[in-house]
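Okay, here's what each chain looks like letter by letter:
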Amino acid sequence: MNIFLQYTLLIYFLPLIAFGIQIFVGKRLPRQGDWVSIGAVLATLVLSIALFAGMLLDYNPTFKQNFSFTWLETANFKISMGFLVDNITIIMLLVVAIISSASHIYSLKYMEGDSRYSQYYAYLSLFTFSMNGIVLANSMMLLYMSWELVGLSSYLLIGFWFEKDSASNAGKKAFLTNRVGDIGFFIGIMSLFTAIGSFSYSDIFAGVAAGKITGTLLTLAGIGLFMGAVGKSAQFPLHIWLPDAMEGPTPVSALIHAATMVAAGVFMMVRVFPILSPDVLIIVAYIGGFTAFFAATIAITRTDIKQVLAYSTLSQLGYMIMAIGTGAYTVAFFHLAIHAMFKANLFYGAGSVIHGMHHALHKLGDHKTDAQDMRNMGGLKSKMPVTYWAMVISSLAISGVPLFSGFLSKDAILAGTLALVNRTGSHHLLLFFGFGAALITAFYMFRMIFLTFHNKPNKPKIFEHMKESPTAMLIPLVVLSTLSIFIFYTLPNVNPLSGQGWFTHLVAQHESLVPGNLNPSVYAIEESIHHSHFPAMITSLIVAGLGLLLAWLMYFKKLISAEVWTKRLRPLYTLSFNRYYIDELYDKIIYQPFLKIADWVAYLDWDVYDKYFINGFGRVTEWFAKVVGIADYDGLDQGIVDGFGRSTQRLGNSLKKIQTGKIQNYVLYAAFAIVILLILQML
Amino acid sequence: MDLNILSLLVWLPIIGMLGIAFIPRDKVDIIKIIAAVATGLQLFLAILLWMQFDKTSGGIQFMERYYWIPSFNIFYTLGVDGLSLPMVLLTPLLSFLAVFVSWNTKRAVKGFFALFLLLDTGMMGVFLSLDFFLFYVFWEVMLLPMYFLIGMWGGPQRVYAAIKFFLFTLFGSVLMLIAILALYFTCGQTFDIITLMQTAPEALNGVLWWGMSAIKVIWILLFVGFAIKVPVFPFHTWLPLAHVEAPTAISVILAGVLLKMGLYGMLRVNYGMLPEAVWWFAGALAVLGVINVIWGGLAALAQKDLKKMVAYSSINHLGYALMGMAAVVAAGAASGNNYAAAEAGLSGAMFQMFNHGTISAMLFIIAGVVYDRAHHREIAGFGGLAKQMPIYAGVAAVAFFAGLGLPTLSGFISEFMCFVGAFPVFRTIVIIGTLGILINAAYFLRAYQKIFFGKLNEKYSDMPEINGRELFTLIPLAIITFVLGVYPAPFLNVIRDTVSGIIEHVVAHGGGVGIF
Amino acid sequence: MNILQVYLTLAAVLFSLGIFAVITRRNAIAVLMGIELILNAANLNFIAFARFGGMNFSGHIFALFVIVLAAAEAAVALAIIINLYQNFQSINVDEAQQLKQ
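Small disclaimer: the values here were computed from a predicted structure and weren't measured.

**Re the interface of chain A and chain C**
Piece 1. Taken together, the contact between chain A and chain C spans seven residues of the former and nine residues of the latter.
Piece 2. Summing both partners gives a buried area of about 670 Å² for chain A against chain C, and 62% of it is carried by carbon and sulfur.
Piece 3. The three residues of chain A that bury the most area against chain C are A:Lys662, A:Gln664 and A:Val667, which together make up 61% of that side's buried surface.
Piece 4. Linking chain A to chain C there are zero salt bridges.
Piece 5. Summed over the shared surface of chain A and chain C, the number is zero residue pairs in polar contact (both at pLDDT 80 or more).
Piece 6. Here the side of chain A that touches chain C is built from residues that sort into two nonpolar, three polar and two charged.

**So, the confidence of the model for chain C**
Piece 1. Taken over all residues, the pLDDT of chain C has a mean of 85, while the share at 70 or more is 93%.
Piece 2. Across the assembled chains, the prediction reports ipTM 0.90 with pTM 0.85.

**A closer look at the interface of chain A and chain B**
Piece 1. Listed as interface residues are 50 residues of chain A and, on the opposing side, 65 residues of chain B.
Piece 2. When chain A packs against chain B, the two sides together hide about 5200 Å² of surface, and 73% of this comes from carbon and sulfur.
Piece 3. Scanning the region where chain A abuts chain B turns up two salt bridges.
Piece 4. The partner of A:Asp610 in a salt bridge is B:Lys164, and the shortest N-O contact between them spans 2.7 Å.
Piece 5. Taken together, the connections running from chain A to chain B amount to 21 residue pairs in polar contact (both at pLDDT 80 or more).
Piece 6. Listing elements by their share of the side of chain A that touches chain B, those giving two or more residues are strand 1 (64-73), helix 5 (140-158), helix 6 (165-196) and helix 25 (582-655) of chain A.

**What to know about the pairing of strand 2 (residues 74-80) of chain B**
Residues and elements named next belong to chain B.
Piece 1. Among the seven residues in strand 2, seven count as buried, and that is most of the element.
Piece 2. Burial along strand 2 is two-sided: the residues Ile74, Tyr76, Leu78 and Val80 and Phe75, Thr77 and Gly79 are all buried.
Piece 3. Two strands pair when backbone bridges link them, and strand 1 (residues 61-69) and strand 2 are joined in this way by six bridges, in the antiparallel orientation. Bridged to Tyr67 within strand 2 is Phe75.
Piece 4. The hairpin turn running from strand 1 into strand 2, its antiparallel successor, is four residues long, and Asn73 in that turn takes a positive phi close to 60 degrees.

Thresholds, definitions, all that
Residues numbered from 1 in each chain as written. Chains lettered and ligands numbered in written order. Predicted model: local features only at pLDDT ≥ 70, side-chain atom pairs only at ≥ 80, totals over all residues. Heavy atoms only, no water. Contact = heavy atoms within 4.5 Å. Buried area = accessible area lost by both parts, 1.4 Å probe. Salt bridge = Lys/Arg side-chain N within 4 Å of Asp/Glu carboxyl O. Polar contact = N/O pair within 3.5 Å; in protein donor to acceptor, adjacent residues only side chain to side chain. Nonpolar A, V, L, I, M, F, W, Y, C, P; charged D, E, K, R; others polar. pLDDT = per-residue confidence, 0-100. Helix = DSSP H or I, 4+ residues; strand = E, 2+ residues; numbered from the N terminus. Buried < 20%, exposed > 50% of the residue type's maximum accessible area, 1.4 Å probe, protein only. Pairing = 2+ DSSP bridges.

Spelled out as structure tokens, the structure:
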């Protein structure tokens, strides 16, 4: 058996086995079986590292292994399943394994003492399993199935503390919002299958290249697939579920709702990029760019530390999607991997703070104060140094400061956008979105850092009881902070300003397969990006620096009063604070009407259709029966049938009078009769 | 076949019923054991049949044929093929489990189980008989015990529900009877289904009745007859009521087996004898399917009663099967002889029939479990049960997620295949139908959240966990759902050649050219 | 007027008197006497036809039979009348109406 197949099979099924053990017997195992899940995920980490090392040694950009077997078959209809292992897969496997292992270890302390501890680990394993399915899939079928399964694990984990209504609502919302996107995804898959007759990537690529599906149909299929990504990667207008998903435990937020699952949409778009038509790409670019900017503006006014990170995740995902739209899809994948590290790190940092806050509040016996509200924090730097530095490093990375990983990918995305504008001479709005979001990102990230860790503590009482989190929670922070340094992504190149390295070498951009594609070739795109690289870098450095400076002035030095500016920009502030009222709007125009329609349908079905129409048949029949009954009894039976009887009786009554029983009478009649006969005779 | 396994399958419950008839009414345990043994043996035989079934043949197997009423050319013909085999397995499986579901029946145990076994024979006979007359007899045989089972052991509105059920289905069977007689007299005075499949298309070709094509007239008669059983909108309103009022075990049988008879009848009779009309009616079938999906789903979303919600979900789920059945026309020349889509649709429909049997049975048992404890089924009246009854919540999650079409559970595959099959022919309709997967998720998650999540309702803080007997009825179904969801090939291999046969038959008569 | 007609006329008168007695008399004995008159009218006819109508002796023999029969009939009828009297203390035929309805 092929070594890659062996490894991937193990990587795929180990977490599933762990899930099985945990869900059925986890509670009865020592330590509630957390070691089962952790063992499984660490094994996948080791295997992923092995694969990764192999990839680096091989250093072959076109490496590709495909395994498949027939899963389901009728005479002409066939679905195969299997794995596709190429460099993208291996990198993504490693990303998932790292973040997943980190979350597993982190949860040891974070979830300690929870009443459903083993279930929690079971769900984490289930998630790892399903996520690896998305990564490994070589066909739309396995992709879609795993896609739904991550939706399930996300549902279970968001609603893990289901006693809280907000948590169970958030889980439901996430699942349903994702399903909206999945409808599009499903239609996209069906369109491709109808035209090409297969679900596997290679067949679909070949079919598109051969022109089996073209023009509007291909565009519609592409939009369908993109809808799936919009749902899963929480792009506008389906972004509403992600902020709510923060109701889940923080390690879950880090793993699923920041680093991996939400990136699945991006990953899928990366996979199918060669078949996306230019029209789709423009839509993708605008949706991504808009989400990047739009989410960033909401993040400014969040006071909940996790909400800031949630909106920043939306914004960063928007960047990735925009990068795909501009044609620089390897850059999108680059950002995906890098973002996973620093964003997970930020969440772990936030989780560490929240964990500390919970402990402090618990000691104070305070159940009212919100442990996640930054206004209750401040000055924590001295109490939680490791957490502090981890978060600072990640914030520098996300803001795009040189020497840190985020700079490399963000810069490349902005360069890609600039290149698109230069090539086409239009779409300047995308530039505004991209650079605008970069500025705001730097601003709100450091707003968060300053509010949380600097200045005087806002609640001295709580501050006194704060202490650094336990080691199990700090290990992931340290590891991921290290992985936020540029060097891991640029080797063997050590220039902190250039993203050229193993990654760019190994993840080669695939030519678009859409026949008659008006997009420039890969080479032309790379060339134009290369040309745009320098101006984009300068601009992004300037805007990031500006944002950082603004945050420093406003929240550290307090030279600019945040309150005054809030008042001055009241309408904007209100909009941002209320998240542009999108949730309320959806509630009004979609959710409530939908429920109303359902009620109306049920009413119509049961109380109108059934009651009046169907039962109406019954009633008409009943009435008719009554009429028939009357006609039958009073008319036919009483009138005619009995009438015969009665008239016979009457006749009998009148005739019986001549039967007197006296022989003399009879003789008399006889004599009369004879006389009559004699008279007749004589006549 | 020396053993006459099919006859044994049909008549075994009757033997059990006669056995029960001779047991005094107060020996309830013996009665229950007899019922369990009869259905258990039947299940064993069905599994044996499944294993001996020749998967490479699309034809009728294990045929038994004896003279019954020679003067009218009526035979006692039994046989099984890929279309009926899944149903033949499903029927005793659900009957066997239903015996345990109703283990705690208190009132008139003897009558209950005797009627139940009679019902079992009726159902089995419908799926196995290949003589129209016999088919009709079994069809009616099954109706009567159902009427009494709902009407005597049901809920507060049981009599109304039973009468409604009875009248609806009787109306359907009358139409069916007319169609059967019409076929009998126009196609050479035979009731033999196999023969009619060959002769009817030719005999009816071009025949006009009252200015309408005879094929269309018979199709409509048969379709309405079967549609009532499915039930297809707008003939569906008996279902929620019957389900709500029926005892749990009967709901299981009703949803799991009886509803399938409609679809089975359409595939066996409508598709078999009037293949030309398939081309004419497929569009309407797809539209009806989508209406079922959307209407049933929306109505389910609004329900407050758990059982009623599950009942509407049946309407919703069987809509997918109708869409899949309509996909057969993809094999026509007009759609480029897309056999793959036709097979996907038809296999999907047949797979959905089976899956709905297991999934809705689970859902009804789950509703029954909670009803037995709380004595109500108000969705909003529970809350937080996941904390009190974690195992129950877990099993319920399997059933609910199977219902909303989660991959790795069998419902997903069949729905997926129905959609994929119907998509090339009925693009717009299917796209509207995909809304169903959202509505599906919406009503199941809503119900799940209200029952299991949130704070535990204080009233139920001492509600006992699901017991061994109830688990015993749920676990086999959950395992089947899961195994077929991960690896559906064993099922699809069995029906493969039959599916090809039906498609060939339909294509051979009409071939996509509009003959009307 | 020939001789046969005279006899027949006498017999018809006798017969009519007999019928009259049967129809009008309430007394059972009188009814019986009426019947005797009718029988004797018939006898007279037999004899007359035997003498003038060529019946030879058959008429005589019939007349003898009728006389014997009449005697037997009178005996039975008188027995019935006695029974009637014992049951009803009357021989009025109108009162013997138990069979009526």
